[in-house]
Structure formats: C-alpha cells, structure tokens
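# Summary of structural features
Below, each chain spelled out in residue letters.
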Amino acid sequence: MILDFGSINMDLVMAVTALPRPGETVLCDGYVTKPGGKGSNQAVAAARAGARVAMAGAVGDDGFGQVMRATLAKEGVDTSLIATSDRPTGVAYICVDAKAENFIAVGSGANLAVRADQVPDDRLTPDTLVVLQMELPPEQNWALLQRARARGCRAILNVAPAAAVPEAALRDLDLLVVNEHEALAIAGGLGLDTSTPRAAAQALSGRMNLTCVVTLGGEGAIAVGLQANFAVPALPIQPVDTTGAGDTFTGVLAAGLDAGLPLDQALRRASTGAALACLALGAQESMPTAAAIDAALPRLGPTTAIG
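Attention here is on the structure that accompanies the text.

Rules and cut-offs
- Residues numbered from 1 in each chain as written.
- Predicted model: local features only at pLDDT ≥ 70, side-chain atom pairs only at ≥ 80, totals over all residues.
- Heavy atoms only, no water.
- Helix = DSSP H or I, 4+ residues; strand = E, 2+ residues; numbered from the N terminus.
- Rg over C-alpha atoms; globule rule 2.2 N^0.38 Å.
- Buried < 20%, exposed > 50% of the residue type's maximum accessible area, 1.4 Å probe, protein only.
- Contact = heavy atoms within 4.5 Å.
- Lys, Arg positive; Asp, Glu negative; His and termini not counted.
- Charge placed at Lys NZ, Arg CZ, Asp CG, Glu CD.
- Salt bridge = Lys/Arg side-chain N within 4 Å of Asp/Glu carboxyl O.
- Pairing = 2+ DSSP bridges.
- Core = buried A, V, L, I, M, F, W, Y, C linked by side-chain atoms within 4.5 Å.

For the chain, the count of helices and strands is nine helices and 14 strands. For the chain, whose C-alpha radius of gyration is 18 Å, the value lies close to the compact-globule estimate of 19 Å for 307 residues. Burial statistics for the chain: of 307 residues in total, 54% are counted as buried. By sequence separation, contacts in the chain at least 24 residues apart represent 67% of the contacts at least 6 residues apart. Each charge class in the chain can be summarised by its mean position, and for the 21 positive and 30 negative side chains these summaries are 3 Å apart.

Before going further, it helps to examine the pattern of salt bridges. Within the structure shown, the criterion is met by 10 salt bridges. For Arg21, the salt bridge identified is with Glu24, shortest N-O distance 3.2 Å. Relative accessible area serves as the criterion here: at 35%, Glu24 is assigned to the partly exposed category. Residue Lys34 pairs with Glu285 through a salt bridge whose shortest N-O separation is 3.4 Å.

Further remarks concern the pairing of strand E7 (residues 102-107). The side chains of a regular strand alternate between the sheet's two faces. Direction of pairing for strand E6 (residues 90-96) relative to E7: antiparallel, over a ladder of six bridges. The residue bridging Cys95 from the neighbouring strand is Phe103, located in E7. Hairpin connection, E6 to E7: the antiparallel pair is bridged by five residues, and Ala100 has positive phi, about 70°.

Here we come to the pairing of strand E13 (residues 228-232). Most of E13 is tucked away: four of the five residues are buried. Bridge analysis of strand E12 (residues 221-225) against E13 gives five bridges, and the strand direction is antiparallel. Residue pairing for E13: Ala223 is matched across the bridge by Phe230. If you look at the hairpin formed by E12 and E13, you'll find two residues sitting between the two strands. Pairing geometry for E13 and strand E14 (residues 304-305), over two bridges, is antiparallel. Note on E14: the bridge partner recorded for Ala231 is Thr304.

This brings us to the nonpolar core. Within soluble globular proteins, side chains that are nonpolar generally end up buried alongside one another. Membership of the largest hydrophobic core comes to 48 residues, with the highest contact counts inside it found for Phe249, Leu253 and Leu267. No other element matches the seven residues that helix H8 (residues 263-276) contributes to this core. Not counting residues within four places of it along the chain, the set of residues in contact with Leu267 comprises Val213, Ala223, Phe230, Val232, Phe249 and Leu253. If you look at the next biggest cluster of nonpolar residues, it comprises 46 residues, including Val119, Met134, Leu145 and Ala231.

By themselves, these figures tell us nothing about what the structure is for.
Now the structure itself:
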C-alpha cells in the first residue's frame, strides 16, 4: 500500500501564446479546471500504474473540495484520510505556452491545515510506502516521516517545489527524488558538493545513506546510491504540456517499488510514464495507465551504468 501525504489542488489552466513577463497581461480564449496538487497528482499516477493508494490531505468545504474527493475516489484512491478544513481548497493557476512551457502559482488554502496525526499508526506498517512532497507545512512532513521510520515504513520524498530539508529528515528516507536544481539546493544547504547535480546526488547519498534519483527532463534520470549508479533515458516525444510530468514520474516510481520491482525497472517505468504524461493538456488527465506504460516501454533506450 502507498500512503500519499500531500497537497490537493484544483488547477485553473490557461493556454497562452506566450508566458507573460513581469507587468504584462496576456489574453487567452478561456480556461479549464483540472484536478491537481502534487500529492493528489502522485496518488493518481501511482493508482493508474496499478498500486493501492491512500491519500492523506485536506480540502475546503466547497465545490472544488467535493470535486477533488470524487475525482480521487473515481481513480480508486482511498480518501478516508482526507480532512475538511475551514480554509478553501487549494488552487493552482497554470499558464502553458505554445512550446509546452509553463509557470504555476499556488494558493495553498486547505493544504496548510494538513496534520501528521491525520494518519493513524495502524496505517504505518512495514508494508507501507509513504510518499511525500513539499506543498504541505514542512514540519508535518517531518513529523510523519519520523513516525513512519519508527514503524518500519519505506519512505520517498519528492522535494518539489524546492525547499530546505533537515538532515534528520533526510536520514529517515529511503529514496530522495529531485530535479537538477533541487539536488544542488539541498546539497548546498548542507555544505556538500554542488559542482554538478550528479556530484550533489552522490554527496547526499553517501552522507545520508539513501538513494538519490535526479530527474533530468529530456535526458531521463540518474540514480545514485549504495547499490545504484545508473542512468535511465527519456522516451522520445513531442510534448504538448509538461505539467504533471514530474508528479507522474514519482507516482509511477512509487508504484513500481511498491510492487516489488528492482529500482532500475521501476525507474524505467517512471521515465516512460512521465513522457507519456506530456502528450496531453493538464496534469491528471494525461497520466498513463499501466497498460499504456507497458506498451510504450519497449521504445525506451537502454539503462546505462555510471561511474
């Protein structure tokens, strides 16, 4: 079972000809509302990839909150640990340009009301894989992570958006998932090597006794750890919208590990799933099923060892 402790947002997505610059207003035809939030996205990605998933988070007592609960339940996600807050449901404003680049602003809302004690001890077992991101109050992440480690859970932290992570929290992790910028920021905050993202990953892995996965966009991803030093390529595609690709990567990776796959195989599925998620507008709607990942996986290039 995957337990996703994370954010739940409604995304308001606008397709624009060009991303606005500071002080500039850009008009577009309209907007669409789409389910989002890094926690919710990763939960849906994992569920579509075949995992049993429970979501712990919070929504407001409003229309967006009702839609988000229903959407997660429709995806087969256990919503019994989602609280209702007097804050409004979180909202993300997303602009996507003709080159599939985006910018995102998030109003956290009910996500700021999430508490670690929403997760009872009986949900934290050696069979539980806890997945966390950085859109909740960080002290609640660390509190749940400490409990999870004490009760024998495995844990994955996706440091997105980038933020400081205490050394004690890093030592409670099995897997750290970061992009290039996040790898450098975390390593730099601990006084470690930041000459390259790979060097940062190696320093973090060695000091914290964890496996560090660095996503590299169109170049795939690398994994560095005591028993992992390899690179996985990206699936060649023509992207339509990259929103949610990183969340798909983490969710599919978690699903693979929860199913007992070796890390290299789970990463290959994650890289393939992330690419497929770029082929349609929006975060959750574009996330692939396990069958779609299986069908595309043979087109992924070989895994290569790195020194």
